[in-house]
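# Observations on the model geometry
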Amino acid sequence: MSNDKTLTPPPHTEPVVFTRDMLDWLPWLEPMAEADMTEHHIKSLVDAARVKSPYFRLLARDPDVLEARTRTDKDIFYNPEAGLPRAERELAAAATSRLNGCIYCASVHARFAATYSKRVDDVQRLLDEGVGARLDERWEAIVAASVALTALPMTFGKEHVERLRAVGLDDAAIADLIGAASFFNWANRLMLSLGVPATQPK
Amino acid sequence: MTDVIDSLVGIAPGSGLDAIRAQRSEARKHAQASYASLFEPKDVAGVSTDERHAIAAFVTGLHGEPKTDAFYAARLPAALRSAVAAEVTAAKTKGPYGHFPKGPLSVEDAPGPSWKVSDGGRTALGPRLSAAFEHTHMLVFHPRDASAPSLQSLLDAGWSTNDIVTISQLVSFLSYQIRVVAGLGVLASTL
């Protein structure tokens with residue numbers, strides 16, 4: 001028996017639909033107190049501002065893994081060199097989150113996908129209707145590949161690669177898509193299992 | 001140290017995929033650093049090396065990707081090999097399933113099992129690993145069913161908050177690594 005406890009989140013409203021709205025996230029386990037964080041813990045946040053985030057202060061309990069996770073994440077999504085355009089890396093993240101059911105992750109990455117692509121209606125249709133939503137052939141190929149990498153057993157095969165090539169993705173872009181969808185299978189599981197999303201007070 | 005993803009995909013230095021991975025050198029380096037910090041940590045803290053490898057072998061067994069599974073199964077403590085294999089066989093299913101918060105998304109609820117370790121497995125694995133395996137099964141196949149009681153079961157079995165963060169990262173990291181290896185393997189086969 002551990003002396004640690006799960007937390008009862010304060011009164012809040014849980015979102016019941018996928019949304020592009022900004023959401024809060026309330027942890028079920030105690031994040032580190034800022035005052036208890038050593039230089040090692042602070043460094044693991046990578047961005048110092050993340051000390052205000054309960055999610056990152058909770059993950060800082062294993063600082064080496066957090067730092068490596070964050071640096072992997074940033075390169076997959078933010079590295080501008082070649083590969084898949086940022087909007088479509090975000091689309092893969094949003095589609096993966098939609099399939100796994102991570103309302104919080106989907107909200108963040110649907111916002112990014114909409115911002116970078118300017119295709120607000122298509123992004124919203126993915127949120128509303130799910131991974132079978134009609135988009136266009138290129139986006140549907142990206143969503144289908146993300147789904148094939150996410151579902152178990154995995155069904156990602158040569159036919160997905162060929163469909164992606166047919167809509168103009170080169171090998172570097174396909175590797176980015178694999179990285180983005182795979183990474184959200186990591187992120188979704190942390191977000192879904194360590195806390196709960198909440199709508200922000202108006 | 002050999003890069004685990006390169007090694008499992010079979011990416012040779014100088015190959016096309018080597019060049020593509022080199023364009024995301026930070027992701028490549030830190031995916032490997034994630035592996036190292038989970039499986040060869042400077043301080044194992046509350047989760048022993050054997051426990052880490054037992055949970056990993058369960059995760060990779062559930063995913064059924066042969067090369068990655070063989071890599072982690074080889075690191076599994078010998079005493080646990082048959083118990084983990086038996087639980088994998090019993091636990092393997094399709095995902096992702098689970099329920100959504102009550103409301104418009106309830107029509108998408110997909111029911112599925114809340115899997116429990118067998119009686120024989122519980123004896124072989126002990127209460128800590130048994131609780132970890134049950135939580136792992138949920139994370140792998142129906143993560144949207146997670147809730148505070150799932151974490152309470154881990155605390156009740158003796159895991160601390162810090163340990164739960166490590167275990168959650170371990171299962172979630174492997175969910176990434178297994179897919180990258182599978183995905184790049186398919187891409188490599190078309191080059």
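Since we're looking at a predicted model, the values are computed, not measured.

Scanning chain B for helices and strands turns up 9 helices and 0 strands. Listing the helices and strands of chain B from first to last along the sequence gives α-α-α-α-α-α-α-α-α. Computed over C-alpha atoms, the radius of gyration of chain B comes to 18 Å, within 12% of the 16 Å expected from 2.2 N^0.38 for 191 residues, which places it in the range of a compact globule. The C-alpha extent of chain B, read off along each of the three principal axes, is 50 × 45 × 30 Å. For chain B, the residues scored as buried account for 49% of the 191 residues in total.

Opposite the 62 residues of chain B that make contact, chain A presents 55 residues. Ranked by residue count, the leading element in the side of chain B that touches chain A is helix H9 (residues 161-189) of chain B, at 20 residues.

The next subject is the domain arrangement of chain A. All names here are of chain A. Structurally, chain A comprises domain 1 (23-76) and domain 2 (84-192). Placing the centre of domain 1 and that of domain 2 at their C-alpha centroids yields a distance of 25 Å. Mapped by element, the contributors of at least two residues to the side of domain 1 that touches domain 2 are strand S1 (23-27) and helix H3 (63-78). Here the side of domain 1 that touches domain 2 gets 3 residues from one element, more than from any other, and that element is H3.

Fine structural detail should not be taken from predicted coordinates in areas where pLDDT scores are low. Across chain B, pLDDT averages 97, with 99% of residues at or above 70. Model confidence for the complex: the whole-complex pTM is 0.98, and ipTM, which rates the interface, is 0.98.

Packed helices, taken two at a time, are described by the angle their axes make and the gap between the axes. Residue and element names in this part refer to chain B. At a minimum axis separation of 11 Å, helix H3 (residues 25-39) and H9 run at an interaxial angle of 145°. The handedness of the crossing between H3 and H9 is left-handed. Between H3, through Ala 31, Ser 34, Tyr 35 and Leu 38, and H9, the contact on the second element is made entirely by Gln 169, Leu 170, Phe 173 and Gln 177. Considered class by class, the residues forming the contact of H3 with H9 number 5 nonpolar, 3 polar and no charged.

Residues Leu152(A) and Pro153(A) are joined by a peptide bond in cis, for which omega reads -5°. Position of Pro153(A) among the secondary structure elements: in the loop between helix H7 (137-150) and helix H8 (158-166). The omega torsion across Gly95(B) and Pro96(B) is -5°, close enough to zero to call that bond cis. Inspection of the secondary structure assignment puts Pro96(B) in the loop between helix H6 (81-91) and helix H7 (119-141). Of note, Val46(A) is a non-glycine position whose phi angle comes to about 65°, a positive value. Within the secondary structure, Val46(A) sits in the loop between helix H1 (39-44) and helix H2 (54-59). With 16 C-beta atoms packed within 10 Å, Val46(A) lands in the partly exposed category.

Rules used throughout
- Residues numbered from 1 in each chain as written.
- Chains lettered and ligands numbered in written order.
- Predicted model: local features only at pLDDT ≥ 70, side-chain atom pairs only at ≥ 80, totals over all residues.
- Helix = DSSP H or I, 4+ residues; strand = E, 2+ residues; numbered from the N terminus.
- Rg over C-alpha atoms; globule rule 2.2 N^0.38 Å.
- Buried ≥ 20, exposed ≤ 12 C-beta atoms within 10 Å, placed from the backbone.
- Contact = placed C-beta atoms within 7 Å.
- Domains from an automatic or database assignment.
- pLDDT = per-residue confidence, 0-100.
- Axes fitted to C-alpha atoms, helices over the stretch in contact; angles between N-to-C directions.
- Left-handed = near helix turned anticlockwise from the far one by under 90°.
- Nonpolar A, V, L, I, M, F, W, Y, C, P; charged D, E, K, R; others polar.

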